[in-house]
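# Descriptive structure summary
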Amino acid sequence: MNFDFSDEQKLLQQTARDYLEANSPLTTCREILEGDQPYATDLWKGAAEMGWQGAVVPEQYGGAEFGYLELAMIAFEVGRALAPIPFGPSVYVATEAILRFGSDAQKGAWLPKLADGSAIGTFAFTEKPGQNAVAGIEASVSGGALSGTKLPVADGDVANVAIVAATEGGALGLYVVDLDGAGVTREGLDSFDMSRTQAKLAFDGAAAEKLAGADEAGIAKLLDVAAVLQAFEQVGAAERALEITREFILGRYAFGKPIAANQAIKHRMADLWCKVELARSNAYYAAWALSTDDPELATAAAIARISACEAFEDTTVEMIEFHGGVGYTWEYDCHLFYRRAKLLSSQLGTPKYWKNLLIDRLV
Amino acid sequence: MDFNDTPEEAAFRAEARTWLEANAELRGPDDDAPIMGENLSDENVAAAQAWQKKKADAGWACITWPKEYGGRGATPMENVIWNEEQARFKTPGDIFSIGIGMCGPTVMAHGTPEQQARWIPKLLSGEEVWCQLFSEPSAGSDLAGLRTTAVKDGDEWVVNGQKIWTSGAQICEWGILVVRTDPTVVKHAGLSYFVVNMKSPGIEIRPITQINKAQGFNEVFFTDVRIPDDQRLSEVGNGWSVALTTLMNERQSIGSGMGVGSLEDLVEFAEGIELDGKPAIEDTAVRERIADYVTKARGLKNTSLRTLTALSKGLPPGPEASMGKLVGAVLQQEAASFAMDLAGASGALLDDEVTPDGAAWQERYLSLPGLRIAGGTDEILRNIIAERVMGLPSDARADKGVAFKDIPTGPPQ
Ligand SMILES: Cc1cc2nc3c(=O)[nH]c(=O)nc-3n(C[C@H](O)[C@H](O)[C@H](O)COP(=O)(O)OP(=O)(O)OC[C@H]3O[C@@H](n4cnc5c(N)ncnc54)[C@H](O)[C@@H]3O)c2cc1C
C-alpha cells in the first residue's frame, strides 16, 4: 500500500502553485469580484496552455491526458488561489460528461475545444430554490428540442456548452446543448460570490443531443467524480484560509501579546487544523478510488464531499471572527474565502443532500 | 497511490494468516472484540500472557521492533496487516499495550545493553507485564510538577511519595517511574527516570474503582522503596527528556488505533431500532447525524493510512498523531450518546440481556470519558497541535524560571 501522491504528481502540483502565485494572487480574484469581467480570461488561457482543462482528456482530442490524480492536484491549487475561472463546471462536469458518455462525434465536436479552453462548459441541473432532486426536473426534450428553465447555472452567462439534465418520455438523461445556438436565452444573476458568475438559462426548443448512457446511475457517477475533484478545490482553499488566519493572529497583538497566544483561539485553530486534515485524507482516498474506478468511489465521494464542504466553510467562518473588525471589511480578503466556501458547497448538492446519499449507499 | 498489497505485503499477509489459522480460532459475528486491559482477573491475565508467549515463540510478537530486540524488523505497513489479520481471530484482551507501546521503546532508546538484555526479552514474551508510574495527585497534565522524591543512598535510591491512575499496576512486575531528585532547580531539570520492580518492599497498590466499576487503574504508594542505581535510565536530572520519549510513543500508540472503528455499525443499529413506528435509519435527522460520524471516522482512518505511508518512507512520527485520540475519542463518545438516544428509554439500561446490541454503546459511553483523559486530555492535545504542529505561541507559564520548591501549588492561604 502507498497512500501518497508520487513525486511527479507533486512536481506538477508545485508547478501549478508557482504559476498561480505569479498569475493569480488574491488581487485577481478581487478584480473579478469588483469589476465587470465575468472571469479572468488571461488566467483561463494560461491554464489551458498548461493543459489543466484537458488534464484527463485523451491526447487524441487534444488533451494532456495526465490522469485524475494529477487533475486533483491541479484542482487543489485552483482552490488555494481562489482562481476566478470557470474551472470546475467546465472541467469536472461538462468535459467529464462528454468524455464518459459522449459518442465519437460528440467527443470530436467538443473535447478539443474544452481541452484547449476555447470553449467553456457548464452543468445545468437545478431549476428552482430548494434541494436539487431528480424528481423536481421539469425541463424536457422532445424530438431533439429542449424546453425548460435552469436556475442557477454556474458560469451560465459565459459558457458555450451546457450539459443539461432533462427528461424525455419520463426518463431522465443528460443532453449536450450548444449555448450559442438558437432557442437559448441567458440572464445573469447576482452571485453570492461575484468572482464566479451565475445565470438563468431558458431553453425554448434548443437543439439538444442526448448523451447515451447518462441515465440516473450515470448522472450519479458523474456527480461523484465532480464531487471528488471539487473536494480538492475546497480543501486547497481551506488550507490557504487557515494559513492566512495563522499569519494574522500571530501578527496582531492585544493585551500585550499576539492574539494567537490565547488558548481559546489556539484550541479552535487546532480543531480547524484537524478538520482540514480529515477532509484532505478523505479527498485523497476518494481520488484513489476515482483513479482506479474502485467500487468504493460511491461512498468515498460522498464522504470527501461532506468533509470538504464543512472544513472549508468552518475555516472561513472562524477566519472572519479571528480577524476581528477588519475581517468584516470589504478591504480584507476573508470574505473572498467565506463567499467561495458557500458557493462551492451549494454547487453539486449541499452537504445535507450528500449525507442522505451516503446513508443510502451504506445501508 | 495504491491501496492494494504489494507482492511482499501479500506474501507477509499470507504468512501471518497461515500462522494465525493454525494457532487461534476465527472470530464469529457474535464474539465481542476483546476489551483493552480493564478486566484484570487472574484468568484473563493468564490467557493474555499465554497468547503473547505463543506469538513470541513463533516470532510474531512486537513485530516492528528490530531483530536484535526480538522483533522481526517489520515495516509499519506489515504491522497494520498483522493487526488486521489478528483482529479476525478470537484473542484475549491486551494487557501489554503500555509495556510494548511505551516502556519497551523507552528502554531501547535510553537503556544500557545490560538493562535491555535484562528487561526486553521478558517484556516481549509477555512473561513480565509493565506499567507507567508518571501521574500524581498534583501532577497530571502538568506532569513535570511531580513531587515523589528519590534520594541517593550508596548504590541505591530511596523513593517516597505517591503515584495515581497507574493502569494495570496490580498485575505488573515492572514500572517506569519518574521522580524528583532535585527540588532546588526549575521543575523540568530536577527529574530522573527509573525502572522499578513493582514487588519491591514499601510499594503499596490500591485499586481505584472507575466510573464503569472496572478496576483498571490504581494508587501506588512508595514508602522508603529502594531502587538500585543500575535501574536508572539515562543521567540523573535527565528524566524529563526520557519521559518525552515515552510520551511520544504513547501518542503514537494510542492515536494510531483510533480510526479503526468505522462507526458504520451505527447504520446497522439504526436499521434495527424503531423511531415513530419506522426504522430509525429512515429519519432524515438520524441519517445526517450518522453520516457526520461516519465521515469523521473515515477521515481518521484515512489519516492514519497517510501517516503510515509517511512512516514507511522513514519519516519520524510527529505531533500530528495527537489528532487521532483528540478527534476519535470525542467522536466515539458522541456516537455512543446518540445510539443511546435512539434506544429511547432503554438507552438508560445497562442490562445486556434486553438492551439493544448487548449494551455495547452504554459500555462505551461509560469508558470513553477515561479515554479522553488518559494519555493527555483534549485541552493538552489541542495545545500540542496548536503549538507544535501549527507553531502558535506557548501558553504563558507562571512557573517559568522558578525553582521547583518555590512554585505555588494552590490558592494563597
Ligand atoms: C483511564 C485512565 C488511565 C490512566 N492510566 C495512567 C497510567 O497508566 N499511568 C499514568 O501515569 N497516568 C495514567 N493516567 C493519568 C492521566 O495521564 C491523567 O489523568 C491526565 O494526564 C490528566 O491529569 P489529571 O487527571 O491530573 O487532570 P488535570 O491535569 O488536573 O486536568 C484537569 C482539567 O484541567 C485541564 N487542564 C490542565 N492543564 C491545562 C492547560 N495547561 N490548559 C488547559 N487546560 C488544562 C485538563 O484538560 C482537564 O480538563 C490515566 C488516566 C485515565 C483516565
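Note that this is a predicted model, so its numbers are computed, not measured.

Rules and cut-offs
Within each chain, residues carry numbers counting from 1 in the order of the written sequence. Written order decides the labels, with chains lettered from A and ligands numbered from 1. Residues qualify for local features only when their pLDDT is at least 70, as the model is predicted, and side-chain atom pairs are given and counted only at 80 or more; totals for whole chains, interfaces and linings, by contrast, use all residues. Based on all heavy atoms of the structure, the side-chain values leave hydrogens and waters out of the count. What counts as a helix is a DSSP run of H or I of at least four residues, what counts as a strand is a run of E of at least two, and both are numbered from the N terminus. Only C-alpha atoms enter the radius of gyration; for comparison, a globular chain is expected to reach 2.2 Å times N to the power 0.38, where N is the number of residues. Whether two residues touch is decided by their heavy atoms; if any such pair falls within 4.5 Å, the residues are in contact. In these tables, accessible area is a Shrake-Rupley quantity obtained with a 1.4 Å probe, and a residue counts as shielded only by the protein chains included in the view. Positive: Lys, Arg. Negative: Asp, Glu. His and the chain ends are not part of the count. Charge positions are represented by NZ for Lys, CZ for Arg, CG for Asp and CD for Glu. When two parts are brought into contact, each loses some accessible area as probed by a 1.4 Å sphere; the total of that loss over both is the buried area. Whenever a carboxyl oxygen of Asp or Glu lies within 4 Å of a side-chain nitrogen of Lys or Arg, that contact is scored as a salt bridge. For this analysis, a polar contact is any N or O atom pair within 3.5 Å, provided that within protein one partner can donate a hydrogen and the other can accept it, and provided that sequence-adjacent residues contribute only side-chain to side-chain pairs. Relative accessibility thresholds used throughout: buried, under 20% of the residue-type maximum; exposed, over 50%; partly exposed, between the two (1.4 Å probe, protein chains only).

### A closer look at the overall build of chain A
Scanning chain A from N- to C-terminus turns up 11 helices and 9 strands. Here the C-alpha radius of gyration of chain A, 20 Å, is about what a compact globule of 363 residues would show, namely 21 Å. By its C-alpha atoms, chain A is 75 × 50 × 40 Å across when sized along the principal axes. Nonlocal contacts in chain A, meaning residues at least 24 apart in sequence, comprise 73% of its contacts between residues at least 6 apart. Just so you have it, chain A exposes about 13,400 Å², and 51% of that area is on carbon and sulfur atoms. Mean positive and mean negative side-chain charge positions of chain A (30 and 49 charges, respectively) differ by 6 Å.

### A short note on the interface of chain A and chain B
Taken together, the contact between chain A and chain B spans 43 residues of the former and 47 residues of the latter. Across the interface of chain A and chain B, roughly 4,200 Å² is buried in total on both sides, 64% from carbon and sulfur atoms. Considering only the surface of chain A that becomes buried against chain B, M1, K266 and W273 of chain A emerge as the three largest contributors, covering 19% of it. Linking chain A with chain B are 9 salt bridges. For E296 of chain A, the salt bridge goes to R298 of chain B, with nearest N and O atoms at 4.0 Å. Linking chain A with chain B are 25 residue pairs in polar contact (both at pLDDT 80 or more), by the criterion used here.

### Observations concerning unusual backbone geometry
Residue and element names in this part refer to chain A. Cis rather than trans, the peptide bond between L151 and P152 has omega equal to -10°. Note that P152 resides in strand β3 (residues 145-154). Phi is positive for L82, close to 50°, though the residue is something other than glycine. Of note, L82 is situated in the loop between α4 (68-80) and α5 (87-101). Residue L82 is classed as buried on the basis of its relative accessible area, which comes to 0%.

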